[in-house]
Amino acid sequence: MIDTSAFQGKTAKYFTLGCKLNFSETSTFARMLQEMGVRTAQKNESADICLINTCSVTDVADHKCRQAIHRLVRENPGAFVVVTGCYAQLEAEAVSHIDGVSLVLGANEKASLIQFLSDAFVNRTGEPIYKREKTKDIKTFSPSCSRGNRTRYFLKVQDGCDYFCTYCTIPYARGFSRNPSIASLVEQAQQAADEGGKEIVLTGVNIGDFGKTTGERFIDMVKAFDRVEGIQRYRISSLEPDLLSDELIDYCAHESRAFMPHFHIPLQSGSDTVLKLMHRHYDRQLFADKILHIKEVMPDAFIGVDVMVGCRGETPECFEETYSFLESLPVTQLHVFPYSERPGTSALKIDYVVPEREKKLRSKRLLELSDQKTHDFYQQYVGSAMEVLFEKATRGRAMHGFTNNYVRVELAPADARLEYDNQIMKVRLGDFNAGGNALKVVEI
């Protein structure tokens with residue numbers, strides 16, 4: 001039983017690192033605390049409760065987590081500080097020893113965060129508490145469907161991963177693949193629609209693996225979402241290429257009412273040699289076939305791609321294979337990140353190590369390639385009339401939104417209207433904005 005009286009009139013601050021899934025979870029926790037009487041603290045106001053949802057995908061992420069904890073402790077003296085997320089799962093004891101931390105919760109405990117927080121907050125002794133199950137015992141699923149500060153809702157459809165790629169700690173931090181039922185997810189989507197939501201992004205760790213818990217299929221979940229009245233747009237956050245079926249691609253292209261021509265597909269490397277070292281579940285030919293099939297049935301599709309540079313075993317020749325491969329494919333944008341050594345991963349057994357300077361050079365080349373591909377993709381739509389879902393603008397700032405195929409659009413401050421927020425409107429697109437990262441609206 002949660003004693004809500006202890007939280008009435010309290011204030012809280014939230015800080016999230018990492019993926020969209022983490023942001024969705026944090027937003028859900030914030031909403032639950034708000035329902036208990038906790039108000040989000042103002043920018044310069046000291047908070048009674050600080051919640052930090054952490055990431056541990058790289059050593060840089062670990063460092064940022066520690067920095068964020070120290071900063072929030074320093075800026076909010078006496079606050080009850082809760083740390084959860086991947087870094088908290090992997091390094092629970094170490095996090096609990098950071099001065100000012102009150103409660104550390106691992107992946108299994110995150111599902112009951114509010115209950116753990118309530119018990120510890122009401123009965124606090126000043127001594128830090130940490131609770132974390134071993135990876136094999138992480139079995140809970142924490143539902144999350146939240147809008148946060150954006151127009152789009154983020155709906156968690158899956159958690160955990162069974163792939164155990166050689167460079168990755170996520171299975172250890174999140175546990176094995178698991179999911180709720182399609183029926184429960186449809187209920188959450190309908191709730192978002194009832195609240196006025198028009199777009200939902202499906203999030204998870206390895207969402208194409210949906211069904212491990214319930215025996216259901218990803219494509220059947222997609223079809224069920226399509227029947228939810230009120231939601232006009234769905235986006236799939238990330239799908240492994242070996243789990244992206246032609247059936248799903250064809251359904252989105254020809255039958256779906258609301259799934260957008262927008263895919264994000266992890267590649268990691270365009271070298272078969274490196275893919276084998278990574279223990280990925282596909283080769284470059286399969287990846288190319290998926291991209292070309294998408295473009296055949298959805299020529300306007302935006303395709304984002306994850307690429308890792310400088311992993312162990314990536315010789316200069318292997319990197320050049322990756323560069324040439326990506327250069328040849330009709331992808332739209334690259335999410336480029338340098339390989340980071342993670343303790344306990346089997347990648348550490350690979351002998352060939354890429355120097356840090358070389359990682360930066362390789363990243364720079366791929367980012368330049370990405371900028372050119374995105375620019376060329378946007379350029380196709382200059383002068384076009386397209387539907388845009390707008391997001392609320394800060395006073396005196398430009399308003400932004402996205403077309404169905406994820407072209408970022410900017411509406412000048414002089415033309416922005418409060419009533420445009422969360423509205424899908426047909427506009428005519430002009431040339432690039434000053435920053436070169438969006439197309440300007442020239443006519444509504």
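Residues numbered from 1 in each chain as written. Predicted model: local features only at pLDDT ≥ 70, side-chain atom pairs only at ≥ 80, totals over all residues. Heavy atoms only, no water.

1. Some details on the packing of helix α9 (residues 218-226) against helix α10 (residues 246-254)
For step 1, the next point in the chain: The N-to-C vectors of α9 and α10 enclose an angle of 15°; their axes lie 10 Å apart at closest approach. On the basis of the axis angle, α9 is roughly parallel to α10. Seen along the crossing, α9 lies across α10 with a hand that is right-handed. Across the interface between the two elements, Phe218, Ile219, Val222, Lys223 and Asp226 of α9 pack against Glu247, Leu248 and Tyr251 of α10.
For step 2, the next point in the chain: Considered class by class, the residues forming the contact of α9 with α10 number five nonpolar, no polar and three charged. (Axes fitted to C-alpha atoms, helices over the stretch in contact; angles between N-to-C directions. Helix = DSSP H or I, 4+ residues; strand = E, 2+ residues; numbered from the N terminus. Parallel < 35°, antiparallel > 145°, perpendicular 65-115°, else oblique. Left-handed = near helix turned anticlockwise from the far one by under 90°. Contact = heavy atoms within 4.5 Å. Nonpolar A, V, L, I, M, F, W, Y, C, P; charged D, E, K, R; others polar.)

2. Observations regarding empty space enclosed by the protein
For step 1, the next point in the chain: For the coordinates displayed, the defined rule picks out four cavities of 30 Å³ or more.
For step 2, the next point in the chain: Each pocket or cavity is described by its volume, and for the largest cavity that value is around 80 Å³.
For step 3, the next point in the chain: Residue lining of the largest cavity: 14 residues in total, with Ala107, Lys110, Asp159, Arg174 and Arg178 positioned closest to the centre.
For step 4, the next point in the chain: Sorting the residues of the lining of the largest cavity by element identifies α5 (107-110) and α7 (170-174) as the ones contributing at least two each.
For step 5, the next point in the chain: Grouping the amino acids of the lining of the largest cavity by side-chain chemistry returns four nonpolar, four polar and six charged. (1 Å grid on protein atoms, 1.4 Å probe; cavity = no way out; pocket = protein on both sides within 12 Å on 5 of 7 lines; lining within 4 Å. Points joined across faces, edges and corners; volume = space filled by probe spheres on them.)

3. Some points on the pairing of strand β13 (residues 333-338)
Here is the key point about a regular strand: its side chains alternate between the two faces of the sheet.
For step 1, the next point in the chain: Pairing geometry for strand β12 (residues 302-309) and β13, over six bridges, is parallel. The partner of valine 307 across the bridge, within β13, is valine 336.
For step 2, the next point in the chain: Once you follow β12 into helix α13 (residues 316-328) and on to β13, the crossover reads as right-handed. (Pairing = 2+ DSSP bridges. Right-handed = clockwise from strand over helix to strand, strands pointing away.)

4. As for the environment of alanine 92
For step 1, the next point in the chain: Within the secondary structure, alanine 92 sits in helix α4 (residues 92-96).
For step 2, the next point in the chain: By relative accessible area, which is 0% here, alanine 92 ends up buried.
For step 3, the next point in the chain: Note: C-alpha distance between alanine 92 and arginine 132 (40 residues apart in sequence) is 6.9 Å.
For step 4, the next point in the chain: Setting aside residues no more than four positions away along its own chain, alanine 92 makes contact with Tyr87, Val104, Tyr130 and Arg132. (Buried < 20%, exposed > 50% of the residue type's maximum accessible area, 1.4 Å probe, protein only.)

5. Some thoughts on the sheet that holds strand β18 (residues 439-443)
For step 1, the next point in the chain: Strand order in the closed barrel made by the five strands is β14-β15-β16-β18-β17, with mixed pairing throughout. Across the sheet, the mean angle from the axis of one strand to that of its neighbour is 55°, orientation sign disregarded.
For step 2, the next point in the chain: Of the pairings in the sheet, the one linking strand β14 (residues 385-391) to strand β15 (residues 399-403) comprises four bridges and is antiparallel in character. Pairing of phenylalanine 390 across the sheet is with glycine 401, part of β15.

6. Quick notes on the sheet that holds strand β8 (residues 153-156)
For step 1, the next point in the chain: Judged by pairing direction, the sheet is mixed, and its four strands sit side by side in the order β7-β8-β9-β10 without closing on themselves. One side of each edge strand has no neighbouring strand; the edge strands of this open sheet are β7 (145-146) and β10 (233-236).
For step 2, the next point in the chain: Here strand β9 (residues 199-203) pairs with β10 via four bridges, running parallel. Paired with glutamate 199 across the strands is arginine 233, a residue of β10.

7. Let's talk about unusual backbone geometry
For step 1, the next point in the chain: In this structure, tyrosine 406 takes a positive phi of about 70° despite not being glycine.
For step 2, the next point in the chain: If you trace the backbone, tyrosine 406 turns up in the loop between β15 and β16 (408-411).
For step 3, the next point in the chain: Looking at tyrosine 406, the relative accessible area reads 17%, which means it is buried.
For step 4, the next point in the chain: Backbone geometry places asparagine 422, a non-glycine residue, at a positive phi of 60°.
For step 5, the next point in the chain: Its place among the elements puts asparagine 422 in the loop between β16 and β17 (424-432).

8. Considering α10
For step 1, the next point in the chain: All of the buried residues in α10 are Leu248, Ile249, Tyr251 and Cys252. Projection of α10 onto a plane perpendicular to its axis shows the buried side chains occupying an angular sector of 165°, all on one side.
For step 2, the next point in the chain: For α10, the secondary structure elements touched by its buried residues are α9, β10, β11 (262-268) and α12 (284-297). (Arc of directions from axis to C-beta.)

9. A closer look at the nonpolar core
For step 1, the next point in the chain: Judged by nonpolar contacts, the single largest core of 57 residues is most densely connected at Leu202, Phe225, Tyr234 and Leu366.
For step 2, the next point in the chain: Here tyrosine 234 is in contact with Ala189, Ile200, Leu202, Phe225, Asp226, Val228, Arg257, Ala258, Phe259 and Met260, once residues within four sequence places are set aside. (Core = buried A, V, L, I, M, F, W, Y, C linked by side-chain atoms within 4.5 Å.)

10. So, the pattern of salt bridges
For step 1, the next point in the chain: The final tally for this structure, using the stated rule, is 28 salt bridges.
For step 2, the next point in the chain: Here lysine 136 and aspartate 137 are joined by a salt bridge, their closest N and O atoms 3.4 Å apart.
For step 3, the next point in the chain: With a closest N to O distance of 3.4 Å, lysine 290 and aspartate 246 form a salt bridge. Taken together, the residues span a long stretch of sequence, with lysine 290 in helix α12 and aspartate 246 in helix α10 at a distance of 44 residues.
For step 4, the next point in the chain: Judged by its relative accessible area of 13%, lysine 290 is buried.
For step 5, the next point in the chain: A single network of salt bridges, built from pairs that share partners, joins Glu25, Lys110, Lys156, Asp159, Arg174 and Arg178. (Salt bridge = Lys/Arg side-chain N within 4 Å of Asp/Glu carboxyl O.)

11. Structural notes on the pairing of strand β5 (residues 101-105)
For step 1, the next point in the chain: Taking burial as the measure, the five residues of β5 include five buried ones, the bulk of the element.
For step 2, the next point in the chain: With three bridges connecting them, strand β4 (residues 80-85) and β5 associate as parallel partners. The residue bridging valine 83 from the neighbouring strand is valine 104, located in β5.

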